[in-house]
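The residues making up each chain are set out below.
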Amino acid sequence: MRSMNSSEIMPISDKEILININNFLCDDSEGDAYSKIISTPMFQPESFTVGDRENKPPFLNQSERNFDVWCDSLIRDQLMRLSESMAIDFDDINNIVYSIKRNVEKVLNYKYAGNQIKNQIWNQEFIDILHNIIIYSLFGNFDQRYSTHRKFKDLSKAIMPKIIENICSNNHLRLEDYLKLSIISGISGLDLKGTSAASSLFSQNGIPMSSYFNLPLKESTKIYCNNLITMLNCTAPIFEWGNFIDLVNNRAKIVWFTDDYIETFFDLLFINKLLETYSDAQITIVPKRIECGNDASYSDVLDILRCCKNEFKMICKLLREKQRVNINRFGPSMGTVNIKKLSNEIIDLIYQSDVVIFKGCRAHEMVQGGLNKTTFNMYIVAREFSESVTGYDAREMPILFFHLPPGGYAFRGFKNRYLREVCINGKKIYLSETTLKDSYAKFKKNVAGNTCQNSAL
């Protein structure tokens, strides 16, 4: 096992920040090419920045308001995960955290494009940017990617092919059930991923997986499948299946942004079933271009297809024939989606599409309202932030699948959530000024009154 101490942490200079600015900020963009897909030039995510965090804002949980304590805990968590994945022993970790924290402060306070970087980094993307700063501090380059969730991904790779095989043998599942499974599977292994992967606190345990390390493969597979299938009975307060299938029937060109590693197995399973069922379905799959935490990368998707080639026969066949399905290797370099940081290849892909699908709550929070395309968003409520923006109790594990028209918002006013305290099922929750639940109730009322659906959400 390799050892590292604080004397090996490389201080980052202003020159290095400028030279490596795109790498630090996970920015794949070229100029303002995004302007042809953005809803308005003034668009900003309905979120908050790292700079906002430094001011101890009242909209944050009390446990997260001290920026230094919060940031130090994230650095320590990343180092522990890197140590576990890369067989590195960090000697005197307190001093290492201190040295890396100085580099983080240096980057955050650096002035770029007329503003300090900390005021340009959104909360949902900070963990990926922090990871890049840590990697550069440790190794002085970005040439090699380093995993922070290797144990989680190795375990998942070991059990998922058998799980997919078992799910495929279930003759009672409908096509929409496969989609629900792909959403539910996003809460797999929350106990292994850690809260930093979600950029906010979890409000429920999801499907725990840490015990699987001590179980035979057959037993862990059975436990996981039983848990997953049982969750098909979870509430689905918004599940716009009919609207989605109408678009498929109308030969819509669909772009599908994937999220977590396990979730992507089920995404591919659903997409395979969809392509089998609808001969006009057209989908381009967009995973992360590189390894980002517990998310699936482009190479991961290719590997998943090899591992489950019998279950994903239609995808593999159509990929060989270059028909109806494609996997794009130019996806985001972060675990979320920032419209202004997308590569030209992805911008062109969205521009030529009819519908864009985003898996995961972080991507939804960053992108909602920002595209001049119809979007579908799907995730299961698991986080405190998700409770605030949706209006649903995470303890019930509600499954969400909903559309937004071009430029449409599901929620507004997250920063004012401390002003709207409600009690849901005996639990105190702080809600955004407008939540998804509010917007959808208004949408249904408008539809009932024969109001144009484009005014929805």
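Residues numbered from 1 in each chain as written. Predicted model: local features only at pLDDT ≥ 70, side-chain atom pairs only at ≥ 80, totals over all residues. Heavy atoms only, no water.

Some points on the overall build of the chain
Move 1: Helices and strands together make up the secondary structure of the chain, namely 18 helices and 13 strands.
Move 2: Here the chain has a C-alpha radius of gyration of 22 Å; the compact-globule value for 457 residues is 23 Å, and the two agree.
Move 3: Seen through its C-alpha atoms, the chain measures out along the principal axes to roughly 60 × 50 × 50 Å.
Move 4: Here the chain, with 457 residues, has 58% of them falling under the buried criterion. (Helix = DSSP H or I, 4+ residues; strand = E, 2+ residues; numbered from the N terminus. Rg over C-alpha atoms; globule rule 2.2 N^0.38 Å. Buried < 20%, exposed > 50% of the residue type's maximum accessible area, 1.4 Å probe, protein only.)

Some details on the packing of aromatic side chains
Move 1: Applying the stated rule across the entire model yields 22 aromatic pairs.
Move 2: Plain terms: the ring middles of Trp-256 and Phe-270 are 5.8 Å apart, the flat faces sit at 35° to each other, and that makes the pair tilted. You can see Trp-256 sitting in strand E6 (residues 253-257) and its partner Phe-270 sitting in helix H12 (residues 261-277), a full 14 residues away along the chain. An identical accessibility class is assigned to Trp-256 and Phe-270; each is buried.
Move 3: An aromatic cluster is built from Phe-239, Trp-241, Phe-244, Trp-256, Phe-270, Phe-376 and Phe-401, whose rings are joined through pairwise contacts.
Move 4: Across the ring face of Tyr-351, the terminal group of Lys-373 is positioned such that the distance to the ring centre comes to 6.0 Å. (Phe/Tyr/Trp six-rings, centres within 6.5 Å; stacked < 30°, edge-to-face > 60°. Lys NZ or Arg CZ within 6 Å of the ring centre and 35° of its normal.)

Thoughts on the packing of helix H7 (residues 150-168) against H12
Move 1: Direction vectors running N to C along H7 and H12 enclose 25°, while the axes themselves pass 9 Å from each other. Between H7 and H12, the interaxial angle falls into the category roughly parallel. Crossing angle aside, the handedness with which H7 passes H12 is right-handed. For the pair formed by H7 and H12, the contact residues are Phe-152, Lys-153, Ser-156, Lys-157, Met-160, Pro-161, Ile-163, Ile-164, Ile-167 and Cys-168 on the first element and Tyr-261, Ile-262, Phe-265, Phe-266 and Leu-269 on the second.
Move 2: By residue class, the composition of the contact of H7 with H12 is twelve nonpolar, one polar and two charged. (Axes fitted to C-alpha atoms, helices over the stretch in contact; angles between N-to-C directions. Parallel < 35°, antiparallel > 145°, perpendicular 65-115°, else oblique. Left-handed = near helix turned anticlockwise from the far one by under 90°. Contact = heavy atoms within 4.5 Å. Nonpolar A, V, L, I, M, F, W, Y, C, P; charged D, E, K, R; others polar.)

Some points on unusual backbone geometry
Move 1: Notably, Ala-113 is not glycine yet its phi reads approximately 55°, a positive angle.
Move 2: For Ala-113, the position within the fold is in the loop between strand E3 (111-112) and strand E4 (115-116).
Move 3: Backbone geometry places Arg-324, a non-glycine residue, at a positive phi of 65°.
Move 4: Checked against the element boundaries, Arg-324 lands in the loop between helix H14 (313-321) and strand E8 (325-327).
Move 5: The partly exposed category is assigned to Arg-324, whose relative accessible area is 24%.

Description of the pattern of salt bridges
Move 1: Scanning the model with the defined rule gives 32 salt bridges in all.
Move 2: Put simply, Lys-157 and Asp-303 hold a salt bridge, and the shortest N to O gap is 2.9 Å. Here Lys-157, found in helix H7, pairs with Asp-303, found in helix H13 (residues 298-307); they are 146 residues apart in sequence, far enough to count as distant.
Move 3: With a relative accessible area of 16%, Asp-303 lands in the buried category.
Move 4: Between Lys-359 and Glu-263 there is a salt bridge, and its shortest N-O distance comes to 3.1 Å. Of this pair, Lys-359 sits in strand E9 (residues 355-359) while Glu-263 sits in helix H12; the two residues are 96 residues apart in sequence, bridging distant segments of the chain.
Move 5: Each of Asp-68, Asp-72, Lys-101 and Glu-105 takes part in salt bridges that share partners, so that together they form one network. (Salt bridge = Lys/Arg side-chain N within 4 Å of Asp/Glu carboxyl O.)

Looking at helix H5 (residues 93-109)
Move 1: In a regular helix each residue adds 1.5 Å, so 17 residues correspond to 24 Å; H5 covers 24 Å between its end C-alpha atoms and thus fits that length.
Move 2: When we look at burial in H5, the residues that qualify are Ile-93, Ile-96, Val-97, Ser-99, Ile-100, Lys-101, Asn-103, Val-104, Val-107 and Leu-108. (Expected span 1.5 Å × (residues − 1).)

Focus: the pairing of E6
Move 1: Most of E6 is tucked away: four of the five residues are buried.
Move 2: The sheet contact formed by E6 and strand E7 (residues 282-286) spans five bridges and is parallel. For Lys-253, the partnering residue across the bridge sits in E7 and is Gln-282.
Move 3: For the crossover that starts at E6, traverses H12 and ends in the parallel E7, the hand is right-handed.
Move 4: One ladder, built from four bridges, connects E6 with E9; its direction is parallel. Directly across from Trp-256, in E9, lies its bridge partner Ile-357. (Pairing = 2+ DSSP bridges. Right-handed = clockwise from strand over helix to strand, strands pointing away.)

Some thoughts on the packing of H12 against H14
Each pair of packed helices gets described by two things: the angle between the helix axes and the distance between those axes.
Move 1: Relative to each other, H12 and H14 sit at 70°, their axes nearing to 8 Å. Taken together, the axes of H12 and H14 lie roughly perpendicular to each other. Touching Leu-268, Ile-271, Asn-272, Leu-275 and Glu-276 of H12 are Lys-313, Met-314, Ile-315 and Leu-318, all from H14.
Move 2: Its residues assigned to classes, the contact of H12 with H14 comprises six nonpolar, one polar and two charged.

A closer look at a negative patch on the surface
Move 1: A cluster of like negative charges, contributed by Glu-8, Asp-89, Asp-91 and Asp-92, occupies part of the molecular surface.
Move 2: Mapped onto the fold, Glu-8 is located in the loop between strand E1 (2-4) and helix H1 (14-19). (Patch = residues over 30% accessible without salt bridge, like charges linked within 9 Å, V, L, I, M, F, W, Y side chains within 5 Å. Areas by Shrake-Rupley, 256 points an atom, 1.4 Å probe, with all protein chains shown as cover. Lys, Arg positive; Asp, Glu negative; His and termini not counted. Charge placed at Lys NZ, Arg CZ, Asp CG, Glu CD.)

A look at the nonpolar core
Move 1: Counting residues in hydrophobic clusters, the biggest one holds 67 residues, and the most contacted among them are Ile-167, Phe-244, Phe-266 and Phe-270.
Move 2: In terms of nonpolar packing, the next biggest core, distinct from the first, is built from 42 residues, Ile-21, Ile-75, Ile-134 and Met-334 among them. (Core = buried A, V, L, I, M, F, W, Y, C linked by side-chain atoms within 4.5 Å.)

Regarding the side chain of Lys-273
Move 1: Within the secondary structure layout, Lys-273 lies in helix H12.
Move 2: In this structure, Lys-273 is buried with no salt-bridge partner, the nearest side chain bearing the opposite charge being Glu-276 at 4.5 Å.
Move 3: With sequence-adjacent residues up to four places away left out, Lys-273 is seen in contact with Leu-175 and Tyr-178.

Let's talk about the environment of Glu-105
Move 1: With respect to the element layout, Glu-105 can be found in helix H5.
Move 2: Separated by 17 residues in sequence, Glu-105 and Trp-122 place their C-alpha atoms 16 Å apart.

Here we look at the pairing of E9
Move 1: Extensive coverage of E9 is indicated by the burial of five of its five residues.
Move 2: Residues Val-355, Ile-357 and Lys-359 line one face of E9 and the alternating positions Val-356 and Phe-358 line the opposite face, and both faces are buried.
Move 3: Sheet topology note: the E9/strand E10 (residues 374-380) ladder contains five bridges and is parallel. The residue bridging Val-356 from the neighbouring strand is Thr-375, located in E10.
Move 4: After leaving E9, the chain enters helix H16 (residues 361-367) and then returns to the sheet as E10, a path that is right-handed.

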